[in-house]
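Below, each chain spelled out in residue letters.
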Amino acid sequence: MSTSVTCVAPVNIAIIKYWGKRDDDLILPINDSISVTLSTDHLRTRTTITAGPELSKNVLRLNGVEESFDNPRIQRCLTEVRKRAKASGKCPNPAMIDWNIHVESENNFPTAAGLASSAAGYACFVYTLATLYGIECEELSGIARMGSGSACRSLYSGYVQWVRGDRSDGADSIAVQLAPASTWPEMHVLILVVNDHKKATASTHGMATSVKTSDLLKYRATECVPQRVQQLQKAIREHDFETFGRLAMRDSNQFHAVCLDTYPPCFYMNDVSRKIIQLVHKINSFASESIKVAYSFDAGPNACLFLLEKDVPEVSAIVAHVFPFNQCTEQEYYKGIPKDDAAMKAIPNDVLDKYSVDEPNALRYIIHTKVGEGPQRVD
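Residues numbered from 1 in each chain as written. Predicted model: local features only at pLDDT ≥ 70, side-chain atom pairs only at ≥ 80, totals over all residues. Heavy atoms only, no water.

## Thoughts on the sheet that holds strand β11 (residues 175-179)
Working step 1: Strand order in the open sheet formed by four strands is β2-β5-β10-β11, with antiparallel pairing between adjacent strands. A strand with exactly one partner marks an edge of an open sheet, and here the two such strands are β2 (12-16) and β11. Strand-to-strand twist in this sheet, taken as the mean axis angle between neighbours without regard to direction, amounts to 35 degrees.
Working step 2: In this structure, strand β10 (residues 159-162) lies alongside β11, joined through four bridges in antiparallel fashion. Paired with Y159 across the bridge in β11 is A179.
Working step 3: Here helix α5 (residues 215-238) sits on the sheet and contacts β2, β5 (33-37), β10 and β11; the angle it forms with β2, its principal contact strand, is near 110 degrees. (Pairing = 2+ DSSP bridges. Helix = DSSP H or I, 4+ residues; strand = E, 2+ residues; numbered from the N terminus. Axes fitted to C-alpha atoms, helices over the stretch in contact; angles between N-to-C directions. Contact = heavy atoms within 4.5 Å.)

## Points about helix α2 (residues 117-132)
Working step 1: Across its 16 residues, α2 extends 22 Å between first and last C-alpha, which sits within 8% of the 22 Å expected from 1.5 Å per residue.
Working step 2: Buried residues dominate α2, accounting for 15 of its 16 residues.
Working step 3: A positive phi of about 80 degrees marks G134, the residue just after α2. (Expected span 1.5 Å × (residues − 1). Buried < 20%, exposed > 50% of the residue type's maximum accessible area, 1.4 Å probe, protein only.)

## Concerning the environment of D353
Working step 1: Tracing the backbone shows D353 in the loop between α11 (349-352) and β16 (365-370).
Working step 2: As for D353 and I318, which are separated by 35 residues in sequence, their C-alpha atoms are 9.3 Å apart.

## Quick notes on the sheet that holds strand β13 (residues 293-297)
Working step 1: The strand order across the open sheet built from five strands is β13-β14-β12-β16-β15, with neighbouring strands paired in mixed fashion. Single-partner strands in this sheet number two, and they are β13 and β15 (334-336). On average, each strand axis in the sheet is inclined to that of its neighbour by 25 degrees, with strand direction left out of account.
Working step 2: When β13 meets strand β14 (residues 303-308), the two strands line up antiparallel, connected through five bridges. Bridge assignment links F297 to a residue of β14, and that residue is A303.

## A short note on the pairing of β16
Working step 1: With five of six residues buried, β16 lies mostly within the body of the structure.
Working step 2: Pairing of strand β12 (residues 187-193) with β16 involves six bridges; the strand directions are antiparallel. Across the sheet, the residue bridging to H188 is K370, located in β16.
Working step 3: In the sheet, β15 pairs with β16 via three bridges, with the strands oriented parallel. Note that in β16 the partner of K335 across the bridge is I367.

## Focus: helix α6 (residues 241-261)
Working step 1: Compared with the 30 Å implied by 1.5 Å per residue over 21 residues, the 30 Å span of α6 between its first and last C-alpha is a close match.
Working step 2: The N-terminus of α6 is capped by D240, whose side-chain oxygen sits 3.3 Å from the backbone nitrogen of E242. (Polar contact = N/O pair within 3.5 Å; in protein donor to acceptor, adjacent residues only side chain to side chain.)

## A closer look at the pattern of salt bridges
Working step 1: Here the structure, examined in full by the defined rule, presents 20 salt bridges.
Working step 2: For R44, the salt bridge is made with E106, and the minimal N-O distance between the two is 3.2 Å. Of this pair, R44 sits in strand β6 (residues 44-52) while E106 sits in strand β9 (residues 100-107); the two residues are 62 residues apart in sequence, bridging distant segments of the chain.
Working step 3: When its relative accessible area of 15% is taken as the criterion, R44 is described as buried.
Working step 4: Note that K83 and E80 form a salt bridge whose closest N and O atoms lie 3.5 Å from each other. Here K83 pairs with E80, and both are found in helix α1 (residues 72-88), just three residues apart, close to one helical turn.
Working step 5: Using a relative accessible area of 49% as the deciding quantity, one classes K83 as partly exposed. (Salt bridge = Lys/Arg side-chain N within 4 Å of Asp/Glu carboxyl O.)

## Some points on the packing of α1 against α2
Working step 1: Close contact between α1 and α2 brings their axes to 10 Å; oriented N to C, the two are set at 30 degrees. Classified by the angle between their axes, α1 and α2 sit roughly parallel to one another. Relative to α2, the crossing made by α1 is right-handed. Between α1 and α2, the residues in contact are R73, I74, C77, L78 and V81 and Y122, F125, V126, L129 and A130, respectively.
Working step 2: The residue makeup of the contact of α1 with α2, split by class, is nine nonpolar, no polar and one charged. (Parallel < 35°, antiparallel > 145°, perpendicular 65-115°, else oblique. Left-handed = near helix turned anticlockwise from the far one by under 90°. Nonpolar A, V, L, I, M, F, W, Y, C, P; charged D, E, K, R; others polar.)

## So, the packing of α5 against α6
Working step 1: Two numbers describe how α5 lies on α6: the axes approach to 10 Å, and their chain directions differ by 165 degrees. When the axes of α5 and α6 are compared, the pair comes out roughly antiparallel. Crossing angle aside, the handedness with which α5 passes α6 is left-handed. Counting all contacts with α5, which are made through D215, L216, L217, R220, C224, R228, Q231, L232, A235 and I236, the residues of α6 involved are T243, F244, L247, R250, D251, Q254, A257, V258 and D261.
Working step 2: For the contact of α5 with α6, the class distribution of residues is 10 nonpolar, three polar and six charged.

Okay, structure coming up:
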């Protein structure tokens, strides 16, 4: 008789970026990274894995489309989880470990568009498989890392550091939780989706080219990142949004400078992305405090804006003013945590009039979310 398990896993957005591998096969990074796990209420991968003696072959479907199960990364994760399951002796039916599996996985956000879909996807695959075999309580981040480097960070809630490690076998290159989601409940996130199409340059290819050709990448890994990791750890402990925001923006800018320093260069942001950067700096220049909102861009044009809950209505009103829409409903344009209409309408016009209006529909939509939990079983 077949057995099924369904789990969800979150997206994570790196504040200190991972870009560059010292070992391509084991996916070992050249520097540490720190990320924020986002709520699975709004951005998540949902995966169902069925194992059964009657299944004639392994099958993988992503968003309803069958993909090749011969992907080396999928095979590596499957092999490692099965090895761990056999060694643990915890599987309720040991014969199940050798059965074929059917994997159904779907994202409720754009795939391969620079929103960490591979991280959520591999984290969910590894966690669901481990749950099926009864070993979900084990440390799994090292296995998820072999599927997609950033996936190791999606196995924990809140604020997570992926430790670079020194060992050649990668045993010490794992994720550790710096603080749970509950430690800083005021932190919110607005994701401005500029383009939900697949990006032109895959992260794996861009990263490999950067390692070979970018002098800035080497300087960043050895000189900049170690200091920023320590500063960000302290900012998270002390709920210092000023430092958090400044580090997020500077590291995002440097990451994209590395992409430009790569030869030939790779481009992930576009004109709308750059307008969002200018807008954020303008908002902060008018703020009584230095940093009211901070941006971070992964390998794609879409912006992740970090801000405190008290500032969500004003920033949302400014974004809606600058980036109007007329091709969808308000519910389709502003997703996730419902917007506070009354608070947004209370923002004085003289505040909004400071910002020039862009062409309609420059943004596809906005997702309002917050810091969230790690993977969970939901069936």
